[in-house]
Amino acid sequence: MFYSKIFIPTLREVGQEAEAISHRLLLKGGFIRQLASGLYIYLPLGWRVMQRIIKILREEMDAIGAQEITCPVLHPAELWEATGRWYEIKDEMFRLKDRGGRNMCLGMTHEEVMAWLASKEIRSYRELPQIWYQIQTKLRDEARPKAGIMRTREFIMKDSYSFDMDEEGLNHSYEIHRKAYHRIFERCGLKFYEVESDPGMMGGGQSHEFMAPSTAGEDEIVICDRCGYAANMEVADSIPHETIKEESNLEEVHTPDKRTVEEVSRFLGVPREGFIKTLAIMASEGLVIALLRGDQQLHEKKLQKIIGPFRQALKEEIIERLGTEPGFIGPHGHGLRIIADPVLQKGSYISGANKKDYHIRGLKAGVHFKPEWYSIHIAKEGEGCPKCNSPLRIEKAIEIGNIFKLGTKYSIPLKAFYLDSSGQQRPIIMGSYGIGPARIMAAAVEQANDADGIIWPKSIAPFDIEILPLSPGNVVMETAKKIYNSLIERGFDVLLDDRDERPGVKFKDADLIGIPYQIIIGERGLKEGYIELKERRTKAITKLSPDSVHRYGF
RNA sequence: CGGGGCGUAGCGCAGCCCGGUUAGCGCACCUGCCUUGGGAGCAGGGGGUCGGUGGUUCAAAUCCACUCGCCCCGACCA
């Protein structure tokens, strides 16, 4: 491809509104343009990158026997009503009516449609298993589109769905997807982790996410470098640091006007780890007490999984039930349901005395109060791995893929049944697996760039090699074209910068758009019989004779 | 949906507080000359209903109200 024939509108500067590095560089390099909030146009260079990612996705999906199909983006509401998601999902779903007044929606994912298809077509166990996938547009009316192409309202997704007879079959489908995903992200040149995750509204059982570490990421992941434990912060557990065990008898202490753990800790000269943080929670079942160690933070999602939706109890509700105001409440002496973090199983602690201006020391779990034990704290950097107790690390990351074991959540309501070998009707066991190629693109840029621009992994770069003839002179351009042809013959995607621009412009643009290799041809070098090969990543320059370039191992 | 910020030429910005010539700068663009190893130089030129609507005023880019759009933080994120 000649530079003059491909539209690459690079920018000198990008506005304040773009903050994420990938967003800035993709705009600056002429890969993307924004149409409206969360809506992006992929320009020739950006679309080339997407195509190369998609090609890898196809190859690896095909390799595990997945079959590509394509479904409509426009869905009849009935399917979503059948699974209940029509009602569960709120503003994120684009809804509309057709001319006949029928409710429709734009597909944000395709479990319903795929399960519907299976329900129509799969009759017998002989037709199972199946894996169907598509690479197709999804629409979600995101509350807040973010960071360029990282979170958009319309995006392409590779989504696949597995259909099996039983759990064992599902486990196999899940496993081959898991492995395929590893190959895909490796081939795309990304640093990534596979982490345990929260299935969320997808429902079903086990799920994992694939996370590309990046400070621009929206998620936090908890990682153990020793045993490989890795989990999304939403589900991560940790073993908090052991603390000094204060052994003392139950005794009330006067703590006038000292309410928060912080205040009482300072007042008594006891570190926060010596306290029980007593939280009064109003759940649908009524007042519930949640207990954390004084230095811990409540993980609301974890608690919600145990007691359902809740809010902080109001001051009046606390006074009415416990007879004292927030700041002096404790875990003992009332019959309320108590959820406690397991770190409190050992030791004795200080907490509120359920009496204004008093705290109480010497509280022991099992002795003075009897809680249900659930991990409800937020994991912190440096705390112990739940599996091997070595220090955990926390990193920000971009979610680039996820895999879910769905079970029968969609197959039963949509009546996707099959007959087993004994003639009995059974629900098909499903899994669903997604990858966002635009996220891969953004993550690749986030993970590899420098002050001059993008450094594409070879596998997904818009071109393999860029040739920079530095002057319009005949010899230079002829040499460039000769090399261009020989590289094309070898099967490379080559970009030849044939523009009538000064060398500086060509250098700047080449570094910005980040093609892995640059072949620089100048009169100066040519006179001495060499051209230069520059590796974009290292900026290392190798001098080669013009005749030997095509033999180089790119 | 809560909080904050921004909207002025194709792009990036200043001007706005404190109303008052013809609304300015850089880049890009057009013409000519010159130049060709890191976004050249000189000369000339074109391009704006200052997001929109309404109001205050002799006078509004500037003050007020409403509204639309975009960005950031949070909530949310199947």
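Data block above holds the structure.
Quick caveat, the model's predicted, so the values are computed rather than measured.

Peer 1: Help me out: how do you make sense of unusual backbone geometry in this one?
Peer 2: Residue Leu 128 is joined to Pro 129 through a cis peptide bond whose omega torsion reads 0°. The residue Pro 129 is located in the loop between α5 (111-121) and β7 (130-139) in this model. Positive phi outside glycine occurs at Lys 539, with the angle close to 65°. Tracing the backbone through its elements, the reader meets Lys 539 in the loop between β30 (531-535) and β31 (541-544). Judged by relative accessible area, which is 34%, Lys 539 ranks as partly exposed.

Peer 1: How should I be thinking about the environment of Ile 318 in this particular structure?
Peer 2: For Ile 318, the location among the structural elements is in helix α9 (residues 315-322). Overall, the relative accessible area of 4% leaves Ile 318 in the buried class. For the pair Ile 318 and Thr 152, spaced 166 residues apart in sequence, the C-alpha separation works out to 43 Å. Contacts of Ile 318, omitting those with residues within four sequence positions, involve Ala 280, Ala 313, Gly 323, Thr 324, Glu 325, Pro 326 and Ile 329.

Peer 1: Just checking my understanding: could you explain the packing of helix α2 (residues 44-63) against helix α10 (residues 437-447) for this structure?
Peer 2: Relative placement of two packed helices is described by the angle separating their axes and the distance separating the axes. Two elements in contact, α2 and α10, have axes whose closest approach is 9 Å; the angle formed by their N-to-C orientations is 115°. For the element pair α2 / α10, the angle class is roughly perpendicular. The crossing of α2 and α10 is right-handed. From α2, Gly 46, Val 49, Met 50, Ile 53, Ile 54 and Leu 57 reach across to α10, where they touch Pro 437, Ala 438, Ile 440 and Met 441. The class makeup of the residues in the contact of α2 with α10 is nine nonpolar, one polar and no charged.

Peer 1: Would you mind going over the nonpolar core with me for this structure?
Peer 2: Nonpolar side chains tend toward joint burial in soluble globular proteins. In terms of nonpolar packing, the biggest core is built from 60 residues, with Phe 31, Phe 185, Ile 400 and Trp 456 touching the most fellow members. If you tally residues by element for this core, the top one is α2, at eight residues. Look past the residues within four positions of Phe 185 in its chain and what remains in contact with it is Leu 190, Phe 192, Phe 210, Ile 400, Gly 401, Ile 435 and Ile 440.

Peer 1: I would appreciate a short explanation of the sheet that holds strand β20 (residues 372-373) in the present structure.
Peer 2: Remark on secondary structure: sheet strands pair via backbone hydrogen bonds, oriented parallel or antiparallel. Taking strand neighbours across the sheet as the criterion, the five strands line up as β16-β14-β15-β17-β20 in an open arrangement whose pairing is mixed. Each edge of the open sheet is held by one strand with a lone partner, namely β16 (310-312) and β20. The sheet contact formed by strand β17 (residues 337-340) and β20 spans two bridges and is parallel. Bridged to Ala 340 within β20 is Trp 373. Across the sheet, helix α8 (residues 300-307) lies against β14 (276-283), β15 (286-293), β16 and β17, angled at about 140° from β17, the strand it touches most. In the packing of α9 onto the sheet, the strands contacted are β14, β15 and β16, and the crossing angle to β15 comes to about 95°.

Scoring rules and cut-offs
- Along each chain, the written sequence defines residue order, and numbers are assigned to residues from 1.
- Here every chain gets a letter starting at A, and every ligand a number starting at 1, in the order they are written.
- Owing to the predicted nature of the model, reporting of local features is limited to residues with pLDDT of at least 70; listing and counting of side-chain atom pairs is limited to 80 or more, with chain, interface and lining totals taken over all residues.
- Side-chain numbers here rest on the full set of heavy atoms in the structure, without hydrogens or water.
- Under the DSSP-based scheme used, a helix requires at least four consecutive residues in state H or I and a strand at least two consecutive residues in state E, with every element numbered from the N terminus.
- Only protein chains enter the calculation, and the probe is 1.4 Å; a residue is then buried if its accessible area is under 20% of its type maximum, exposed if over 50%, and partly exposed in between.
- We call two residues in contact whenever any of their non-hydrogen atoms come within 4.5 Å of each other.
- Simply put, an axis is a line fit to the C-alpha atoms, just over the touching stretch for a helix, and the angle between two N-to-C directions goes from 0 to 180 degrees.
- Note on angle classes: values under 35 degrees are labelled roughly parallel, values over 145 roughly antiparallel, values of 65 to 115 roughly perpendicular, and the remainder oblique.
- By definition, any crossing whose near helix is turned counterclockwise from its far helix by less than a right angle is left-handed, and any crossing with a clockwise turn is right-handed.
- Gly falls in the polar group here, along with every residue not listed as nonpolar (Ala, Val, Leu, Ile, Met, Phe, Trp, Tyr, Cys, Pro) or charged (Asp, Glu, Lys, Arg).
- We call a set of buried Ala, Val, Leu, Ile, Met, Phe, Trp, Tyr and Cys residues a nonpolar core when their side-chain atoms join them within 4.5 Å.
- Paired strands, as defined in this entry, are two strands with at least two bridges between them according to DSSP.

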